[in-house]
Amino acid sequence: MNFSHIVLTVRHHFLSILVLIFYLSVTLASCQKESDISFDAMNTFMTIRSFGLKGEKANERVRARIAQIEETISTTKEESEIYRLNHTAGTVQEISQDTELLLDFSLRMAQKTGGALNPCLYPITSLWGFTTENFRVPSDSEISAILPYTDFSKISMKANHILLEKNMMIDLGAVGKGFASDEAVKILKKAGITSAVIDLGGNIYALGKKRGKHGKKSDWLIGVKDPFSGDAALAVSVHDKAIITSGGYERFFEDENGKRYIHIFDGKTGKPAESDIASVTIVADSGLYADALSTSLFVMGKKNAIDFWRAHRDFEAIIILDEKSIAISSGLADSFKLIAPFQNVEIFGIESR
């Protein structure tokens with residue numbers, strides 16, 4: 001099905017940030033120097049706020065490391081490794097340690113999530129125009145012709161070498177910022193930074209605890225955005241955790257009849273995911289894991305997402321269903337505070353406590 005008129009509705013990155021940080025007023029001890037750095041990378045606006053004597057230099061090293069990751073995994077920069085792999089499919093190629101780590105992780109998560117996370121969807125997202133912003137709704141026959149090239153089981157990896165079948169392409173965007181946040185944490189810790197907030201375009205990592213008056217420490221208070229109003233839906237207290245959200249309202253286009261097509265795809269259908277979830281926020285030790293799960297659970301839908309949590313229980317989840325309903329895993333039962341007036345609040349997995 002083709003439309004002669006496509007209405008594009010893509011929100012500016014400032015408005016698409018899915019997680020809001022509540023930076024409560026903090027009076028720092030003299031040894032807790034605050035250092036901030038902001039920059040554009042990975043198609044979003046990023047901010048690192050660290051507390052410690054070596055924070056400024058550490059922040060600069062974080063920025064350099066993120067730039068290095070972007071130069072490696074970008075699908076559009078011709079000098080990137082992923083661009084090279086996507087344009088040499090059919091031949092064995094040597095890959096870097098970063099690419100090997102990310103692709104190996106993504107393939108394992110693809111198996112673990114039943115394909116809800118799929119690093120090989122680039123041919124499909126390109127077909128729909130999400131890689132170029134030349135948006136269109138392809139026909140079912142066009143989608144069927146492309147789907148065989150998204151079969152992640154066809155990737156052959158051995159040590160630091162990879163073979164993509166012809167016409168296959170990979171995209172590590174679903175895990176890239178999560179990986180970057182984990183790398184940022186490593187750099188900051190190595191520099192002796194024990195308190196920081198890493199915000200990679202709404203992809204948050206709260207390192208350590210914040211220090212207030214007289215050196216008193218407390219958790220960071222992180223707000224989760226209401227995907228309907230744009231205001232805060234709730235706040236959750238955390239430390240040493242990644243907090244990452246995925247939602248269908250972050251990036252989308254509409255056809256001439258007002259039907260919305262989101263940027264998160266169902267690999268089984270080759271079409272934008274039609275989920276009963278408005279947004280899902282993952283709280284986990286690892287940004288890489290949280291990033292992968294936020295996408296995966298959104299694609300799964302509420303029932304399968306909760307079943308996945310019950311089967312693994314190595315992360316927590318906040319699932320906003322609609323303007324009135326929200327489901328929260330039991331591990332967060334004592335650390336969240338509602339801000340939006342949800343009428344139906346489900347704490348799932350409470351029996352595990």
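Figured I'd write up the structure that's included with this text.

**Regarding the nonpolar core**
In step 1: One finds Ile66, Ile155, Leu188, Ile282, Leu297, Phe315 and Ile319 to be the most contacted residues of the largest nonpolar core, which totals 74 residues.
In step 2: A per-element tally of this core places helix H8 (residues 287-300) first, with 9 residues.
In step 3: Beyond its immediate sequence surroundings of up to four residues, Ile282 is in contact with Ala242, Ile243, Ile244, Ala290, Leu293, Ser294, Leu297, Phe315, Glu316 and Ala317.

**Looking at the sheet that holds strand S6 (residues 156-158)**
In step 1: Spatial ordering of the open sheet is given by S5-S7-S6, a layout of 3 strands whose pairing is antiparallel. Each edge of the open sheet is held by one strand with a lone partner, namely strand S5 (92-94) and S6. Across the sheet, the axes of successive neighbouring strands diverge by a mean angle of 20°, strand direction being ignored.
In step 2: Of the pairings in the sheet, the one linking S6 to strand S7 (residues 161-163) comprises 3 bridges and is antiparallel in character. Within S7, the residue paired with Ser156 across the bridge is Leu163.

**Here's the deal with a positive patch on the surface**
In step 1: On the surface, a cluster of positive charge is made up of Lys54, Lys57, Arg61 and Lys190.
In step 2: Residue placement: Lys57 occurs in helix H2 (residues 55-73).
In step 3: The exposed category is assigned to Lys57, whose relative accessible area is 64%.

**Quick notes on the sheet that holds strand S9 (residues 204-207)**
In step 1: Sheet architecture is open: 9 strands sit in the order S3-S4-S8-S9-S14-S19-S20-S21-S23, paired in mixed fashion. Two strands close off the open sheet at either side, each with one partner strand: strand S3 (34-41) and strand S23 (344-348). Going across the sheet, the axis of each strand differs from the next one's by a mean of 10°, ignoring polarity.
In step 2: Pairing of strand S4 (residues 44-51) with strand S8 (residues 195-200) involves 6 bridges; the strand directions are antiparallel. Each bridged residue has a counterpart across the sheet, and for Met46 the counterpart in S8 is Leu200.
In step 3: Helix-sheet contacts for H2 involve S3, S4 and S8, and the interaxial angle to S3 is about 15°.
In step 4: Sheet strands touched by H8: strand S14 (241-247), strand S19 (279-284) and strand S20 (316-320). Its angle to S14, the strand with the most contacts, is close to 25°.

**Re unusual backbone geometry**
In step 1: Here the phi dihedral of Met42 falls at roughly 50°; this positive angle occurs in a residue that is not glycine.
In step 2: Tracing the chain through its elements places Met42 in the loop between S3 and S4.
In step 3: Not every positive phi belongs to a glycine, and Arg313 is a case in point at roughly 55°.

**Let's talk about helix H9 (residues 302-312)**
In step 1: Looking only at H9, the buried set comprises Ala305, Ile306, Phe308 and Trp309. The buried residues of H9 occupy an angular sector of 155° when the element is viewed end-on, so they sit on one face. Within H9, the exposed residues directed more than 90 degrees away from the buried face are Lys303 and Ala311.
In step 2: Residues of H9 that are buried in the fold lie against helix H4 (97-112), H8, S20, strand S21 (325-329) and S23.
In step 3: Positive backbone phi, at 55°, marks Arg313, one or two positions downstream of H9.

**Digging into the pairing of S20**
In step 1: Most of S20 is tucked away: 5 of the 5 residues are buried.
In step 2: Residues Glu316, Ile318 and Ile320 line one face of S20 and the alternating positions Ala317 and Ile319 line the opposite face, and both faces are buried.
In step 3: Both S19 and S20 contribute to a ladder of 5 bridges, which runs antiparallel. Within S20, the position partnered with Val283 by the bridge is Glu316.

**With respect to the side chain of Ser74**
In step 1: Here Ser74 shows up in the loop between H2 and helix H3 (81-86).
In step 2: Of the polar contacts made by the side chain of Ser74, one reaches the backbone nitrogen of Thr76; its length is 3.2 Å.
In step 3: Discounting chain neighbours no more than four positions away, the residues touching Ser74 are Ser80, Ile82 and Tyr83.

**Some points on the pairing of strand S12 (residues 220-225)**
In step 1: With 5 of its 6 residues buried, S12 lies for the most part within the structure.
In step 2: Pairing geometry for S12 and strand S13 (residues 232-238), over 6 bridges, is antiparallel. Its bridge partner lying in S13, Val224 is registered against Leu234.
In step 3: Taking the residues that link successive antiparallel strands as the turn, the S12-S13 hairpin has 6 residues, and the phi of Gly230 there is positive, at about 85°.

**Details of the layout of surface pockets**
In step 1: Its volume calculated, the second largest pocket comes out at about 470 Å³.
In step 2: In terms of lining residues, the second largest pocket is bounded by 26 residues, among which Arg260, Tyr261, Ile262, Ala273 and Glu274 are the most central.
In step 3: Those elements giving two or more residues to the lining of the second largest pocket turn out to be helix H6 (140-146), strand S16 (260-262) and strand S18 (271-272).

**Here's the deal with the pattern of salt bridges**
In a structure, side chains of opposite charge can pair up when their charged atoms sit close to one another.
In step 1: What the rule picks out here adds up to 19 salt bridges.
In step 2: Taking the shortest distance from any N to any O, the salt bridge between Glu60 and Arg63 comes out at 2.9 Å. Placement of both Glu60 and Arg63 in helix H2 is noted, with a separation of 3 residues, approximately one turn of the helix.
In step 3: We classify Glu60 as partly exposed; its relative accessible area is 39%.
In step 4: Given a relative accessible area of 30%, Arg63 falls into the partly exposed group.
In step 5: The closest approach of N and O atoms between Lys186 and Glu183, which form a salt bridge, is 3.1 Å. Taken together, the residues span about one helical turn, with Lys186 and Glu183 both in helix H7 (residues 173-190) at a distance of 3 residues.
In step 6: Since its relative accessible area comes to 55%, Lys186 is described here as exposed.
In step 7: For Glu183, a relative accessible area of 11% gives the class buried.
In step 8: Where salt bridges share partners, they join Arg65, Asp98, Glu183 and Lys186 into one cluster.

Thresholds, definitions, all that
Residues numbered from 1 in each chain as written. Predicted model: local features only at pLDDT ≥ 70, side-chain atom pairs only at ≥ 80, totals over all residues. Heavy atoms only, no water. Core = buried A, V, L, I, M, F, W, Y, C linked by side-chain atoms within 4.5 Å. Buried < 20%, exposed > 50% of the residue type's maximum accessible area, 1.4 Å probe, protein only. Helix = DSSP H or I, 4+ residues; strand = E, 2+ residues; numbered from the N terminus. Contact = heavy atoms within 4.5 Å. Pairing = 2+ DSSP bridges. Axes fitted to C-alpha atoms, helices over the stretch in contact; angles between N-to-C directions. Patch = residues over 30% accessible without salt bridge, like charges linked within 9 Å, V, L, I, M, F, W, Y side chains within 5 Å. Areas by Shrake-Rupley, 256 points an atom, 1.4 Å probe, with all protein chains shown as cover. Salt bridge = Lys/Arg side-chain N within 4 Å of Asp/Glu carboxyl O. Lys, Arg positive; Asp, Glu negative; His and termini not counted. Charge placed at Lys NZ, Arg CZ, Asp CG, Glu CD. Arc of directions from axis to C-beta. Polar contact = N/O pair within 3.5 Å; in protein donor to acceptor, adjacent residues only side chain to side chain. 1 Å grid on protein atoms, 1.4 Å probe; cavity = no way out; pocket = protein on both sides within 12 Å on 5 of 7 lines; lining within 4 Å. Points joined across faces, edges and corners; volume = space filled by probe spheres on them.

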